[in-house]
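Spelled out, the chains give:
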Amino acid sequence: MLETNLASLELDNPVLSASGTFGSGWEGHQFSDLGTIGGLVSKTVTLKPRPGNPPPRIFETPSGMLNAIGLENKGCDAFLRDALPRMHELAASGRRDGRSGPRVIVNLGGSTDELVELTRRFCKEGVDALEINLSCPNVAHGTRSSTDPELTEQVISAVKAVATVPVFAKLTPNITDIVPIAAAAQRGGADAVTLINTLVGMAVDWRRRKPVLGNTTGGLSGPAIKPVAMRIVYQVRAALPDLPIIAVGGAHSADCVLEFVCAGASAVQFGTVMFSDPTLMARVVNDLGERLRSAGTSIRELRSAMHAVPALVAEDALVVAKALVVAKESSR
Ligand SMILES: Cc1cc2nc3c(=O)[nH]c(=O)nc-3n(C[C@H](O)[C@H](O)[C@H](O)COP(=O)(O)O)c2cc1C
């Protein structure tokens, strides 16, 4: 009922953590049983350590937040040594009662050459999938490769050429039409797309006559962006029905998951909401079970439910039109 899949990767359920908002999951483990969720997605890992942007880097907004962390991380060697073993430990804790446990998904960032090198290294480390961050709005040129279809295709095909696990392309919403970019990721061989990264925004402190964030602009996330993420998931699913979608953007309940699944997603990530309620994901898994049981449906059945509607409407319209013709003819 709760099972889902992202291409060849089977998940116990569609609930995943969102990159950058939950560390490697270890910190959250003290609050709830993360062994029950569908997957853990790491913060973006780069080949070399990155100091990130100058502070302040976070600012709360109505129903959301702005962040300009700038991909701060300790680099690949430190991640492999300190964080990945903990992700594997959490995954093992969930392998019980016939469940696979949370899948270990590592999010990677950097130039194409760096991404290829990182992919080679992580594929030897027993990860279940890689999410390629083509869309960080808070670093120089961070969104370049997901605003140009040729670059998107090039980067993803370079990564796919060396990857031995499924590869997900994380795309930016900061573009007029995302469909050509998602199509380019699919041509490059992406096994799924993650939709969406944050929307570029800004906050001003008028008393100091200055932008609030040290980086001037930041990425907007949280419930405020859910309708944008929903629209993008729906558009991509309608245009590219064979490309699996991981939805991310403002999810904060089991109902949000079911809404994203109806719009076309196969899995849903939880990000900003985890800062205010780190126990939420485990509860959502429970709530999802209850909702699906009482509605007598499943994630796989609900997926793309709305995309069947236009075809049915068209069919219904045809049936009605034929009936009218018959009625008219018989009344002559
Ligand atoms: C503080 C913060 C840090 C983030 N860091 C990353 C990151 O390192 N890599 C990445 O791909 N996305 C990163 N994101 C984006 C989230 O993974 C997610 O795409 C976005 O926040 C929208 O989902 P949400 O509204 O549920 O938070 C970050 C978001 C926040 C709020």
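None of these values were measured; they are calculated from a predicted model. (Residues numbered from 1 in each chain as written. Predicted model: local features only at pLDDT ≥ 70, side-chain atom pairs only at ≥ 80, totals over all residues. Heavy atoms only, no water.)

Right, let's get into the overall build of the protein chain. When helices and strands are tallied, the protein chain shows 11 helices and 16 strands. Over its C-alpha atoms the protein chain spans a radius of gyration of 21 Å, differing by no more than 12% from the 20 Å that the globule rule assigns to 332 residues. In terms of overall dimensions, the protein chain has a C-alpha envelope of 80 × 55 × 40 Å along the principal axes. Across the 332 residues in the protein chain, those meeting the buried criterion constitute 53%. Sequence-distant contacts, at least 24 apart, represent 71% of the contacts inside the protein chain between residues at least 6 apart. Within the structure as shown, the protein chain displays about 14,700 Å² of accessible surface, and the carbon and sulfur contribution to it stands at 55%. For the protein chain, the distance from the average position of its 33 positive side-chain charges to the average position of its 33 negative side-chain charges is 5 Å. (Helix = DSSP H or I, 4+ residues; strand = E, 2+ residues; numbered from the N terminus. Rg over C-alpha atoms; globule rule 2.2 N^0.38 Å. Buried < 20%, exposed > 50% of the residue type's maximum accessible area, 1.4 Å probe, protein only. Contact = heavy atoms within 4.5 Å. Areas by Shrake-Rupley, 256 points an atom, 1.4 Å probe, with all protein chains shown as cover. Lys, Arg positive; Asp, Glu negative; His and termini not counted. Charge placed at Lys NZ, Arg CZ, Asp CG, Glu CD.)

Counting through the fold element by element, Ala163 comes out in the loop between helix H4 (149-162) and strand S9 (167-170). The class for Ala163 is buried, based on a relative accessible area of 19%. A C-alpha to C-alpha distance of 18 Å links Ala163 and Leu151, two positions 12 residues apart in sequence. Excluding residues that lie within four positions of it along the chain, Ala163 makes contacts with Thr119 and Cys123.

Attention now moves to the sheet that holds strand S5 (residues 58-61). Pairing between sheet strands relies on hydrogen bonds along the backbone, with the strands arranged either parallel or antiparallel. Judged by pairing direction, the sheet is antiparallel, and its four strands sit side by side in the order S5-S6-S14-S11 without closing on themselves. Pairing within the sheet leaves two strands with one partner each, and these edge strands are S5 and strand S11 (199-202). Strand-to-strand, the axes of this sheet are offset by a mean angle of 40°, without reference to chain direction. Examined bridge by bridge, S11 and strand S14 (residues 217-221) share four bridges and lie antiparallel to one another. Looking at S14, one finds that Leu199 is bridged to Leu220. (Pairing = 2+ DSSP bridges. Axes fitted to C-alpha atoms, helices over the stretch in contact; angles between N-to-C directions.)

Before going further, it helps to examine the pairing of strand S7 (residues 103-108). Along S7, six of the six residues are buried, which leaves the element largely enclosed by surrounding structure. Pairing between strand S4 (residues 39-41) and S7: three bridges, direction parallel. Across the sheet, residue Leu40 finds its bridge partner in S7, namely Val104. Pairing analysis gives four bridges linking S7 to strand S8 (residues 129-133), with the strands arranged parallel. Residue pairing across strands places Ile105 opposite Ala129, the latter belonging to S8. Read as a crossover between parallel neighbours, the route from S7 over helix H3 (residues 112-123) to S8 is right-handed. (Right-handed = clockwise from strand over helix to strand, strands pointing away.)

Two numbers describe a pair of packed helices, the interaxial angle and the distance between the axes. In the contact formed by H4 and helix H5 (residues 179-187), the axes pass within 8 Å of each other and the chain directions differ by 25°. Of the possible angle classes, the one that applies to H4 and H5 is roughly parallel. As for the relative orientation of H4 and H5, their crossing is right-handed in sense. Residues Pro149, Thr152, Glu153 and Ile156 of H4 pack against Pro180, Ile181, Ala184, Ala185 and Arg187 of H5. Its residues assigned to classes, the contact of H4 with H5 comprises six nonpolar, one polar and two charged. (Parallel < 35°, antiparallel > 145°, perpendicular 65-115°, else oblique. Left-handed = near helix turned anticlockwise from the far one by under 90°. Nonpolar A, V, L, I, M, F, W, Y, C, P; charged D, E, K, R; others polar.)

Turning our eyes to something else, we now look at the site of the ligand. Taken together, 23 residues sit near the ligand, with Ser19, Thr44, Gly222, Gly250 and Thr272 positioned nearest. Between an oxygen atom of the ligand and a side-chain N or O atom of Asn133, the distance comes to 3.2 Å. Gly249 has a polar backbone atom sitting 3.5 Å from an oxygen atom of the ligand. For the ligand, the protein covers 97% of the area, taking 610 Å² as the surface of the free molecule. (Near = heavy atom within 4 Å. Polar contact = N/O pair within 3.5 Å; in protein donor to acceptor, adjacent residues only side chain to side chain.)

Together, Met202, Val204 and Trp206 line one region of the surface with nonpolar side chains, adding up to about 370 Å² of accessible area. Along the polypeptide, Val204 turns up in strand S12 (residues 204-205). Under the relative-accessibility criterion, Val204 is labelled exposed at 56%. (Patch = residues over 30% accessible without salt bridge, like charges linked within 9 Å, V, L, I, M, F, W, Y side chains within 5 Å. Salt bridge = Lys/Arg side-chain N within 4 Å of Asp/Glu carboxyl O.)

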